[in-house]
Amino acid sequence: MRTMPCISGGEAGRMELHLKIRQVWSFSLYLCACIAMCESFRYSVPEEEKIGSLVANVLKDLRVDAKELSARRARLVSKSSKQYFQLDPHSGDVTVKDKIDRESLCGQNEPCILLSEIVLEKPLQLHRIEVQIEDVNDNSPKFSKNQFLLEISEQIPTNTRFPLEKAQDPDKGENAVQNYTLSPNEHFRLNVKNHSDGSKYAELVLEKPLDREVNPHIYLTLSAIDGGIPKRTGTTQLLIDILDANDNVPHFPQSEYNVKLMENSPLDTLVAKVEATDRDFGSYAHITYSFSEVPENVLRSFKLNKHTGELTVVGMTDYEETSSYEMHIKATDGGGLSAYCKVIVDIQDENDNAPEISITSITSPLTEDSPPDTVVALFSVTDVDSGDSGRTACTTEVNLPFVLKPTENNYYQLVTQQPLDREKVSEYNITITATDRGSPRLTSTRILHVEVSDVNDNPPVFEKPFYQMQLRENNIPGLLIGFVHAVDLDTAQNAKVTYSLLPGKVNDGPTSSYISINSETGNLYAIRSQDYEEVQDFQVTVRAVDSGSPPLSSEVPIRVQVVDENDNAPFILYPLQNGTSPSNDLVPRGAETGYLVTKVVAVDRDSAQNSWLSYQLLKATEPGLFTVGAQNGEVTTLRPVSSRDSFKQNLIVVVRDNGHPPQSTSATLRILLVDCFSDPYLKSVALPKEETVEEEDPSLTMYLIICLAAISSIFLISVVAFVVIKLQKREKFTGTYNSAANFPVGPDSQENSADPGAGSLSQAYNYEVCLAGGSLNSEFRFLRPLFPVFSVEPPNTQLNPRSSNDSEGVPSHAGESQHILQVRVPFEWFNFKFLSL
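Conventions we followed
Residues numbered from 1 in each chain as written. Predicted model: local features only at pLDDT ≥ 70, side-chain atom pairs only at ≥ 80, totals over all residues. Heavy atoms only, no water. Helix = DSSP H or I, 4+ residues; strand = E, 2+ residues; numbered from the N terminus. Buried < 20%, exposed > 50% of the residue type's maximum accessible area, 1.4 Å probe, protein only. Contact = heavy atoms within 4.5 Å. Areas by Shrake-Rupley, 256 points an atom, 1.4 Å probe, with all protein chains shown as cover. Pairing = 2+ DSSP bridges. Axes fitted to C-alpha atoms, helices over the stretch in contact; angles between N-to-C directions. Salt bridge = Lys/Arg side-chain N within 4 Å of Asp/Glu carboxyl O. Polar contact = N/O pair within 3.5 Å; in protein donor to acceptor, adjacent residues only side chain to side chain. Patch = residues over 30% accessible without salt bridge, like charges linked within 9 Å, V, L, I, M, F, W, Y side chains within 5 Å. pLDDT = per-residue confidence, 0-100. Phe/Tyr/Trp six-rings, centres within 6.5 Å; stacked < 30°, edge-to-face > 60°.

## Some remarks on the overall build of the protein chain
Reasoning step 1: From N to C terminus, the protein chain includes eight helices and 53 strands.
Reasoning step 2: Looking at the protein chain as a whole, 40% of its 837 residues qualify as buried.
Reasoning step 3: A separation threshold of at least 6 residues defines the contact pool for the protein chain, and within that pool the share at least 24 residues apart is 66%.
Reasoning step 4: Here the protein chain displays about 46,900 Å² of accessible surface, and carbon together with sulfur accounts for 52% of that area.

## Looking at the environment of Gln609
Reasoning step 1: The topology assignment puts Gln609 in the loop between β44 (601-603) and β45 (613-620).
Reasoning step 2: Expressed as a C-alpha distance, the spacing of Gln609 and His660, which sit 51 residues apart in the sequence, is 9.4 Å.
Reasoning step 3: Among residues more than four places away in sequence, those in contact with Gln609 are Asn658, Gly659 and His660.

## A closer look at the sheet that holds strand β10 (residues 177-182)
Reasoning step 1: Read from one edge to the other, the open sheet built from four strands follows the order β8-β14-β13-β10, with strand pairing classed as mixed. Two strands in the sheet have a free side with no partner beyond their single neighbour: β8 (147-153) and β10. Across the sheet, the mean angle separating the axes of adjacent strands is 25° when strand polarity is ignored.
Reasoning step 2: Direction of pairing for strand β13 (residues 217-226) relative to strand β14 (residues 233-243): antiparallel, over a ladder of nine bridges. Across the sheet, Ile218 pairs through a bridge with Ile240, a residue of β14.

## Some remarks on the pattern of salt bridges
Proximity of charged atoms lets side chains of opposite charge pair with each other.
Reasoning step 1: Under the defined criterion, the tally for this structure stands at 20 salt bridges.
Reasoning step 2: Of the charged contacts, one joins Arg75 and Glu121 as a salt bridge, the two residues approaching to 3.0 Å between their closest N and O atoms. Here Arg75 is found in strand β3 (residues 75-78), whereas its partner Glu121 is found in the loop between β6 (113-120) and β7 (125-134), with 46 residues between them in sequence.
Reasoning step 3: Between Arg422 and Glu423 there is a salt bridge, with its nearest N and O atoms 3.3 Å apart.
Reasoning step 4: A cluster of three or more residues bridged by salt bridges with shared partners is formed by Arg42, Arg128 and Glu130.

## Notes on the environment of Asp226
Reasoning step 1: Positionally, Asp226 belongs in strand β13.
Reasoning step 2: Excluding residues that lie within four positions of it along the chain, Asp226 makes contacts with Asn137, Asn139, Pro141, Asp169, Glu174, Asn175, Ala176, Val177, Gln178, Lys231 and Arg232.
Reasoning step 3: Engagement of the side chain of Asp226 in a polar contact is seen with the backbone nitrogen of Arg232, the distance being 2.7 Å.

## Quick word on unusual backbone geometry
Reasoning step 1: Lys122 connects to Pro123 through a cis peptide bond whose omega is -5°.
Reasoning step 2: Along the chain, Pro123 falls in the loop between β6 and β7.
Reasoning step 3: In this structure, Pro230 follows Ile229 across a cis peptide bond, with omega equal to -5°.
Reasoning step 4: Assignment of secondary structure puts Pro230 in the loop between β13 and β14.

## Regarding a nonpolar patch on the surface
Reasoning step 1: Taken together, the side chains of Met702, Tyr703 and Ile706 present a nonpolar region at the surface, about 340 Å² in accessible area.
Reasoning step 2: Within the fold, Tyr703 resides in helix α7 (residues 698-728).

## Quick look at the sheet that holds strand β27 (residues 411-416)
Reasoning step 1: The strand order β22-β24-β27-β26 describes an open sheet built from four strands, whose pairing is antiparallel. Looking at which strands have only one partner, the edges of the open sheet turn out to be β22 (356-362) and β26 (402-406). Strand-to-strand twist across the sheet, computed as the mean angle between neighbouring axes with direction ignored, equals 25°.
Reasoning step 2: Inspection of the sheet shows β26 paired to β27 by five bridges, in the antiparallel sense. In the strand pairing of β27, Lys405 is matched with Gln413.

## What about the confidence of the model for the protein chain?
Reasoning step 1: The pLDDT averaged across the protein chain works out to 77; a share of 79% of its residues lies at or above 70.
Reasoning step 2: Contacts of residues 30-38 to residues separated by more than four positions or lying in other chains number four contacts, the stretch itself having pLDDT below 50.
Reasoning step 3: Across residues 733-837, confidence stays below pLDDT 50; counting only partners more than four residues off in sequence or on other chains, it has 243 contacts.

## Overview of the pairing of strand β47 (residues 634-637)
Reasoning step 1: Inspection of the sheet shows strand β43 (residues 596-599) paired to β47 by three bridges, in the antiparallel sense. If you follow Thr598 over to β47, its bridge partner there is Val635.
Reasoning step 2: Examined bridge by bridge, strand β46 (residues 626-628) and β47 share three bridges and lie antiparallel to one another. Bridge pairing links Val628 to Val635 in β47.
Reasoning step 3: Here β46 folds back onto β47 in antiparallel fashion, the turn holding five residues, of which Gly633 has a positive phi close to 75°.

## Details of the packing of aromatic side chains
Reasoning step 1: What the rule picks out here adds up to eight aromatic pairs.
Reasoning step 2: Geometrically, the ring pair formed by Phe462 and Tyr499 is tilted, given 6.4 Å between the ring centres and 50° between the ring planes. Taken as a pair, Phe462 in strand β30 (residues 461-462) and Tyr499 in strand β34 (residues 497-501) lie far apart in primary sequence, 37 residues in all.
Reasoning step 3: On the accessibility criterion, Phe462 (10% relative accessible area) is buried.
Reasoning step 4: Grouping aromatic residues by their ring pairs yields a cluster made of Phe462, Tyr467 and Tyr499.

Shown next as structure tokens:
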């Protein structure tokens, strides 16, 4: 709870008195401010004053001098949208800034006052300025027309008054219209009166009777005068026509008019002109024409000019609708007297109606196997014209399988005359033409739309007579191979085609186990994965049958080619890589660069570029000693063989095919480097004639002969046993070997040893045994050895390297005898040559 401080009685009285004094001062200041704000000054200025004209000097009214007025930044603010006055702050003069037109500002309102405010600062004071715009006589009275026409009958009595239009003057007060005057005449005088608003108007008063025959027209001048200084005047002309009295009736020269009119006459065609006369004058002699009691069809077709009496065409005049029109025409003068006549219009017929074709019945659709004389449509032809214009003839187009046959009562039949074929023309727009015999002849046409319905008379037709598709081996079962499409020219159910496979065999298996077809779309799908090495291609037959009754079908052969993929690695034929002890190839240590050591033979079951083989030396005991031909697989020496090279050399040769991705197989070769191999034979080839042959160790020859005899015996026994076993089990061995290696063996193995584009198996190889008679050393050389040969090198024996390609180039010696034993084995040829010197 908040406590209030304790205040003594004396202090409270002083505070209350102080508060009342403050309120009195505040009220006084507010009253002064109101007086300052509400004080206004009124001035006046005539309209149309020149710009810069002085309106008033406000120094005295503001009770300030010019210096204080300028110091307090006095300015004049207009209350209207436009500033008509301006204030000079140095002199206090209020002058005209823009031209003032009282009539445009205030119109007829009085008084016309423009409001402005004078603003003074330090302290802020506002003084209201009211400037009254005084009217000056700057506008003349003006009538709405320059001439007024008055029609007065000659029988009007005297003292009849005719009010006249008052003149308009935008000025006010004395500057407005104050009086009217009339030009001198003997028949009329002017009487000026006031309206309730104070404005003046004039009346024309007849003082003397009128006589049209004496003076038919009277011309007067009416003037309006204002009260300004100087006075302004406006005038207008009064034209008075004296009207005649009606004492004669109009008269037609004949009471009935007969007219002929062609039907369909153009608009505004003159039919007839009636004319009546009246002996009166003026309005009584002026005759107007009008229809009297006529039917509606007359008003739709004809128009009567009320001034001239001309009867013209304004609508259709159709003979077939109305052949004759009868009408009464009334002539009335200005006094209301009338006379009548009759007009009869006979319409003449012309050939204006074309024949009309009315379809009674029509058969659509029409089956394409409809027989001749089948009624397609029945129709009639009519023409409402008369005479020859109503007689008609009917025709149709030529080169159509239809013809018209007339019947009774202008009826015609449209019948077939040729067989229909929907596949050639599925619908007909038959134009029927009817022509009358009028002049000019009129023609009308009618188009009959006849659809031809389908019957099942077209078998499905395949887009191609033969389809060839490709399928990559190792495909996913259910893979889309391709599609067939047959088109049936029929429609609806007759054109709905279903597809099926005809029964057949592929490699002794049913066709359905290799391929399937979607009966609706004709898409062909592979049932199982294919192997190119087993099936290169196969052929099936697809039948397309429509849904008509009876159904029609067609067949198409499809050849599916299996595209080879690189899914077989190369197979090494030589040397054999069957896990047994590998054969050793012998190379003399004296072999030179390019010496043929052996050849790697491989095949690939794939085809095309997937079977193109390349050879590469992957690993060797001596990397720089041997090389392998990239295309033929021949292993040759890359440099001469030296005594420092290792006795045993192991080579790993990689055989790679050209597929994507490539596959490869490796072969391991073992090569023995011997010292005395082919030494005597090489010497006989390499020594010059002038050099003498050194004596050789006789024991070496004996060992070689013994080894040769033993090896030859074993070899011959093996060959004989092999031939016997092969003859007994040829079929079994051939089937097993072909399925494993796809490489033929048997008596014709040389011819069938390699696929012409699928491997690198070379020709037969020669094995030579050379015995030199009369010497201590003999040579037993294997270019492609099957058994290891061991030799003892006598001291100081020199080896002459010799390429295997020179085996046929050994020089003949006198007394040399040659014995050749040739044996044929599954993969190679072995030639044994016994050379004795």
